[in-house]
Amino acid sequence: MIEASRIQALLDERKPHHSLPQPFYRDADLFDHDMEAIFHRSWLLVGFEAELAEPGSYLALTIGRSPILLVRQKDGTVAGFFNSCRHRGAQICADGHGRAARLVCPYHQWTYGTDGRLLSAARMAADFDKDRHGLNPIGVECVGGCVYVCLSPAHAPDFAPFRAALEPMLAPHRLAEARLATSIAIVDKANWKLVMENGRECHHCAACHPELKIAFPVSAADSTEKDEVELFARYAERMAAAGLEVGPRSGDWWHVARFPLNPGAKSFSLDGTPLVAKPMVEACGGDIGTLRWATEPNSFCHAAGDNAFMFSAIPTGPMETTVIAKWLVHKDAVEGVDYDLDRLTHVWMETNLQDRELAENNQRGVNGAGYVPGPYSPEAEEYVDRFVSWYCDRLREQLAVDGVGRS
Ligand code: 3BY
Ligand code: FES
Ligand code: FE
């Protein structure tokens, strides 16, 4: 267990508006602390209700070292559990999607209902109490078709303000009745904070994301502020007429805003044309820019008129992070007819692979003896600074409350 004094000293060492001292990006004890202090105590986007179509449909994945399980219940709600058997702890369902009437541990066949209750356990003592050995629950919140989890719900931040902001803005996209087109995970050999710092700025986009910058406004150095203000005002007027709120709305760990794509672009494609023939939002012929919602510590999403994209970074080691990408399309859109899967995923996939190179390269430089934390650009890296400040504030807060912030 890491000493409180070591975290305090490192936080004190950090200069405001600068990247973090080296150990935050590299050390195993700080990684373990991040998992408990940050990842167990935050709402993490893990996927969509569309992935859990029927009662018994489940999604299993691992957050840090903890396998978890999300299961659609008979009453339509989504329940979440630690995917660890209450006998001797084996992982019950392999990571991935599945559907089951009962959850059976592969080790000694303890059998659970989809609601987590233990139904049968062979060869136990006469006084063994099944009711005391159900699966341990985690927190689950579904909003607008998105599924967020919290591993330590007693320490979760209030979800209600985020729900109140996102639900009405996301409703026209009808994600709850959409279909998962595909999910692709890649592994970045970089600390999760380097992955997220990269994901919170577009300072690098013009130079490093030739595909993304076609549709995505990469804060053009060649357009004046007046151009941008006028473009946004016209867009906001058009969206208001279509009944689509633009926001922005934000809280300390979330941000929701709708904004225009580059002129002429309706989706994240190489020519700006839609990627899916059946639109998710019909207003303005699907020409509605993008709704972006982002949550600390690890996600951002974009919903254009024709598809929705999720980016969620799940730490797997001090210098290893799994980036999960998912795409949703209209429930009736047929692959090969209404969309081509490679075309649908191309721009964000290239972007994620380019960002992997950048984060891994960042990690190499940060690991060296020559690394000294450097200053963020106030104009181009404001959201990186906010992310890092949010992170430091959480650690400080927890030091004040319970020493080293273990849950
Ligand atoms: O967070 C976002 O919306 C974007 C997507 C590309 C880079 N990142 C700043
Ligand atoms: Fe699951 Fe034994 S560990 S049944
Ligand atoms: Fe990027």
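Keep in mind that what you see is a predicted model, and the values were worked out from it rather than measured. The residue numbers shown here count from 1 along each chain, following its written sequence. By the order in which they are written, chains take letters starting at A while ligands take numbers starting at 1. Since the coordinates come from a predicted model, pLDDT governs what is reported: local features require at least 70, and pairs of side-chain atoms require 80 or more to be given and counted, while whole-chain, interface and lining totals use all residues.

1. Description of the overall build of the protein chain
Next up, step 1: What the protein chain contains, in helices and strands, is 10 helices and 17 strands.
Next up, step 2: Over its C-alpha atoms the protein chain spans a radius of gyration of 22 Å, differing by no more than 12% from the 22 Å that the globule rule assigns to 407 residues.
Next up, step 3: Nonlocal contacts in the protein chain, meaning residues at least 24 apart in sequence, comprise 68% of its contacts between residues at least 6 apart. Counting from the N terminus, the helices are the DSSP runs of H or I reaching at least four residues and the strands are the DSSP runs of E reaching at least two. The reference for a compact globule is 2.2 Å times residues^0.38; the radius of gyration itself is calculated from the C-alpha atoms. Contacts are defined on C-beta atoms placed from the backbone: any two residues whose C-beta positions lie within 7 Å are in contact.

2. A look at the sheet that holds strand S3 (residues 66–72)
Remark on secondary structure: sheet strands pair via backbone hydrogen bonds, oriented parallel or antiparallel.
Next up, step 1: One open sheet holds the four strands; their spatial order is S4-S3-S2-S5, and the pairing between them is antiparallel. Each end of this open sheet is capped by a strand with a single partner; those strands are strand S4 (78–82) and strand S5 (96–99). Ignoring strand direction, the axes of neighbouring strands in this sheet form an average angle of 25°.
Next up, step 2: Here, strands pair whenever DSSP counts at least two bridges between them. In terms of strand pairing, strand S2 (residues 57–63) meets S3 through six bridges, oriented antiparallel. Paired with tyrosine 58 across the bridge in S3 is valine 71. As a rule, the C-alpha atoms of each element are fitted with a line to give its axis, helices using only the stretch in contact, and angles between N-to-C directions run from 0 to 180 degrees.

3. Things to note about the pairing of strand S1 (residues 44–48)
Next up, step 1: Between the buried cut of 20 or more and the exposed cut of 12 or fewer other C-beta atoms within 10 Å of a residue's own C-beta lies the partly exposed class, and all C-beta atoms are placed from the backbone. In terms of residue burial, S1 counts as a mostly covered element, since five of its five residues are buried.
Next up, step 2: For S1 and strand S10 (residues 146–150), the ladder comprises four bridges, and the chain directions are antiparallel. From the neighbouring strand, glycine 47 faces S10, where its bridge partner is valine 147.

4. Describing the site of ligand 1
Next up, step 1: Using a C-beta atom placed from the backbone, a residue is described as near a molecule or strand when that atom lies within 6 Å of it. In the vicinity of ligand 1, the contacting residues are Gly199, Glu201, Cys202, Arg292, Ala294 and Phe300.
Next up, step 2: For this classification, the nonpolar set comprises Ala, Val, Leu, Ile, Met, Phe, Trp, Tyr, Cys and Pro, the charged set comprises Asp, Glu, Lys and Arg, and every other residue, Gly included, is treated as polar. Looking at the shell around ligand 1, its residues break down into three nonpolar, one polar and two charged.

5. Observations concerning helix H4 (residues 160–170)
Next up, step 1: Those residues of H4 lying buried are Phe162, Ala165, Leu166, Met169 and Leu170. Angularly, the buried residues of H4 cover 105° about the axis, an arc narrow enough to put them on a single face. Among the exposed residues of H4, those oriented more than 90 degrees off its buried face are Ala160 and Ala164. The directions from the helix axis to the C-beta atoms are what the arc is built from.

6. Remarks on the environment of alanine 400
Next up, step 1: Inspection of the secondary structure assignment puts alanine 400 in helix H10 (residues 382–402).
Next up, step 2: Its 9 C-beta neighbours within 10 Å are what place alanine 400 among the exposed residues.

7. Let's talk about the nonpolar core
Next up, step 1: Only buried Ala, Val, Leu, Ile, Met, Phe, Trp, Tyr and Cys residues enter a nonpolar core, and they are joined through C-beta atoms within 7 Å. In this structure, Leu69, Leu70, Val147, Val149 and Leu328 are the most contacted members of the largest nonpolar core, which totals 107 residues.
Next up, step 2: The leading source of residues in this core is strand S16 (residues 308–317), at six residues.
Next up, step 3: Residues contacting valine 149, with those up to four places away along its chain left out, are Leu44, Val46, Ile68, Gly80, Ile138, Gly139 and Val140.

8. Side note on helix H5 (residues 192–199)
Next up, step 1: Across the eight residues of H5, eight count as buried, placing the element largely inside the fold.
Next up, step 2: Those residues of H5 lying buried are Trp192, Lys193, Leu194, Val195, Met196, Glu197, Asn198 and Gly199.

9. A closer look at the confidence of the model for the protein chain
Next up, step 1: pLDDT is defined as a per-residue confidence score from the predictor, taking values between 0 and 100. Looking at the protein chain as a whole, the pLDDT averages 96, with 98% of positions reaching at least 70.
Next up, step 2: Ranking the elements of the protein chain by mean pLDDT puts helix H8 (residues 225–241) last, at 90, and strand S7 (residues 111–113) first, at 99.
Next up, step 3: Our summary of model confidence lists the complex with pTM equal to 0.96 and ipTM equal to 0.96.

10. What to know about the UniProt feature "domain: Rieske" (unreviewed entry) in the protein chain
Next up, step 1: UniProt positions are given in the numbering used here, feature names are shortened, and annotations may be inferred rather than shown by experiment. With numbering matched to this structure, UniProt assigns "domain: Rieske" (unreviewed entry) to residues 43–149.
Next up, step 2: Taken end to end, residues 43–149 is 0% helix and 43% strand, and its first and last C-alpha atoms sit 5 Å apart.

11. Quick word on the pairing of S16
Next up, step 1: Among the 10 residues of S16, eight are classified as buried, and the element is accordingly described as predominantly covered.
Next up, step 2: For strand S15 (residues 299–303) and S16, the ladder comprises five bridges, and the chain directions are antiparallel. Its bridge partner being in S16, alanine 303 is matched across the sheet by alanine 308.
Next up, step 3: A loop of four residues connects S15 with S16, the two strands running antiparallel in sequence.
Next up, step 4: Judged from the nine bridges that link them, S16 and strand S17 (residues 320–329) form a sheet pairing that is antiparallel. By the bridge assignment for S17, isoleucine 314 is matched with threonine 322.
Next up, step 5: Counting the residues in the hairpin turn of S16 and S17 gives two residues.

12. Some points on the sheet that holds S16
Next up, step 1: The antiparallel open sheet is built from seven strands, whose spatial order is S11-S17-S16-S15-S14-S13-S12. Taken across any chain shown, the strands that pair with only one partner, and hence form the sheet edges, are strand S11 (179–188) and strand S12 (249–251). The sheet shows a mean angle of 15° between the axes of neighbouring strands, taken without regard to direction.
Next up, step 2: Sheet topology note: the strand S14 (residues 290–295)/S15 ladder contains five bridges and is antiparallel. If you follow threonine 295 over to S15, its bridge partner there is serine 299.
Next up, step 3: On the sheet, H4 packs against S12, strand S13 (254–259), S14 and S15 and is oriented at approximately 20° with respect to S13.
Next up, step 4: Most of the contacts of helix H9 (residues 341–367) go to S11, to which it runs at about 20°, and overall it touches S11, S16 and S17.

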